[in-house]
Amino acid sequence: HIFTEGKRTQEIGQGQAAQVVCSQTPFYAESGGQVGDQGLIQGPEGTFRVSDVQYGPGNVSLHRGEVLRGRFQENQEVILKVDLARRRSTERNHTATHLLHYALRTVLGDHVRQAGSMVAPDRLRFDFTHFAALREAEIDSLESIVNQKILENQPLGIRTLPFAEAQAEKAIALFGEKYDDLVRMVNVQDYSKELCGGTHVTRTGDIGLFKIVSESSVAAGVRRIEALTGEASFRHIQAVEKEYREVAQSLQARPGELAGRLL
């Protein structure tokens, strides 16, 4: 089916924005803090660029975008192609949030609970319950734990099981969330078990590198961590090192002397 401006239509042409519904789709619709996929839908007479995917009435996936070329008609057979590089980057960030959650509970205590998240291809954001700003040593510990688990290159396990069984295995569920009788559990060994419907890497080593870039308060008793993984974290470190070298050069300081020159 095809929808434009909220109304069903039989056909769309080049440059037209629309929402397309297919009988099946490999695209991930935005849910649980993870953004929707992007990619292409190719038909016999045209190409449709998918810029976002959202759930519509009846939990159908609405592929939002526009016609790049040609035209589309209802009931045509199409090929759907997810932007794989973007999906992989999103998967790295999503699995990293699970490892970060485990690290937070390890460093700060079992009172830590997820209070929200945002998982995109370029970054991740994780909100959690805690009563104070994190100290530098605590942030260092979080990074060390997550990166150690990445280096271990542990496989991820994904199972569908009864909710009661997942609870018995002490899987972490979002507070206030309503779950069906059957749930999807994502685990990394025995230390991270969470109910989650998102996409993930195959092994923790696929994440590459984890780097926290900020920690702040968003509400009373709720803190926020923003972090990067993979290529984004590498580019961030390169940028910071470049700035460090430029400052050191301007002060005519050698590596390791910069802090002393500034005091």
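Here, every reference points to the structure presented above.
Quick caveat, the model's predicted, so the values are computed rather than measured. (Residues numbered from 1 in each chain as written. Predicted model: local features only at pLDDT ≥ 70, side-chain atom pairs only at ≥ 80, totals over all residues. Heavy atoms only, no water.)

1. Some points on the side chain of Asn 187
Point 1. The residue Asn 187 is located in strand E12 (residues 182–188) in this model.
Point 2. Residue Asn 187 is classed as buried on the basis of its relative accessible area, which comes to 15%.
Point 3. Only 3.0 Å separates the side chain of Asn 187 from the backbone oxygen of Gln 189, close enough to count as a polar contact. (Helix = DSSP H or I, 4+ residues; strand = E, 2+ residues; numbered from the N terminus. Buried < 20%, exposed > 50% of the residue type's maximum accessible area, 1.4 Å probe, protein only. Polar contact = N/O pair within 3.5 Å; in protein donor to acceptor, adjacent residues only side chain to side chain.)

2. Focus: the pairing of strand E13 (residues 192–195)
Point 1. Across the two faces of E13 the burial is the same, with Ser 192 and Glu 194 and Lys 193 and Leu 195 all buried.
Point 2. Counted between consecutive antiparallel strands, the loop separating E12 from E13 contains three residues, among which Gln 189 sits at a positive phi close to 50 degrees. (Pairing = 2+ DSSP bridges.)

3. Side note on the packing of aromatic side chains
Point 1. Tallied over the entire structure, the rule returns three aromatic pairs.
Point 2. Ring centres of Phe 48 and Phe 72 lie 6.1 Å apart, and the angle between their planes is 75 degrees; this geometry places the pair in the edge-to-face category. Remark: Phe 72 occurs in strand E7 (residues 61–73) and Phe 48 occurs in strand E6 (residues 46–55); sequence separation between them is 24 residues. Taken individually, Phe 48 and Phe 72 each receive the classification buried, so the pair is uniform in this respect.
Point 3. Seen from their ring centres, Tyr 102 and Tyr 191 are 4.8 Å apart, and the 40 degrees between their planes marks the pair as tilted. One end of the pair, Tyr 102, is in helix H1 (residues 84–107); the other, Tyr 191, is in the loop between E12 and E13, and 89 residues separate them in sequence. (Phe/Tyr/Trp six-rings, centres within 6.5 Å; stacked < 30°, edge-to-face > 60°.)

4. Considerations on the sheet that holds E13
Point 1. Strand order in the open sheet formed by three strands is E11-E12-E13, with antiparallel pairing between adjacent strands. Only two strands of the sheet have a single neighbouring strand rather than two, namely strand E11 (156–162) and E13. When the angles between neighbouring strand axes are averaged without regard to direction, this sheet yields 25 degrees.
Point 2. As judged from the seven bridges shared by E11 and E12, these two strands associate in the antiparallel manner. Note that in E12 the partner of Leu 156 across the bridge is Val 188.
Point 3. Sitting on the sheet, H1 is in contact with E11, E12 and E13, with an inclination near 120 degrees to E13. (Axes fitted to C-alpha atoms, helices over the stretch in contact; angles between N-to-C directions. Contact = heavy atoms within 4.5 Å.)

5. Remarks on the layout of surface pockets
A water-sized probe, rolled over the atoms, reveals where empty space remains.
Point 1. Size it by volume and the largest pocket reaches roughly 780 Å³.
Point 2. Listing elements by their share of the lining of the largest pocket, those giving two or more residues are H1, strand E9 (114–119), E12 and E13.
Point 3. The element best represented in the lining of the largest pocket is H1, accounting for four residues.
Point 4. Class assignment of the residues belonging to the lining of the largest pocket gives a composition of 13 nonpolar, twelve polar and six charged.
Point 5. Of the voids in this model, the second largest pocket is the one considered here, and its volume is about 300 Å³.
Point 6. Contributing to the lining of the second largest pocket are 16 residues, with His 1, Val 21, Cys 22, Asn 75 and Gln 76 lying nearest its centre.
Point 7. Class assignment for the residues of the lining of the second largest pocket results in eight nonpolar, six polar and two charged. (1 Å grid on protein atoms, 1.4 Å probe; cavity = no way out; pocket = protein on both sides within 12 Å on 5 of 7 lines; lining within 4 Å. Points joined across faces, edges and corners; volume = space filled by probe spheres on them. Nonpolar A, V, L, I, M, F, W, Y, C, P; charged D, E, K, R; others polar.)

6. Here's the deal with helix H2 (residues 136–152)
Point 1. Helix length check: H2 (17 residues) gives 24 Å between terminal C-alpha atoms against 24 Å at 1.5 Å per residue, within 8%.
Point 2. For H2, the complete set of buried residues consists of Glu 138, Ile 139, Leu 142, Glu 143, Val 146, Asn 147, Lys 149 and Ile 150. Relative to the axis of H2, the buried residues are bounded by an arc of 160 degrees and lie together on one face. With respect to the buried face of H2, the exposed residues turned more than 90 degrees away are Ala 137 and Leu 151. (Expected span 1.5 Å × (residues − 1). Arc of directions from axis to C-beta.)

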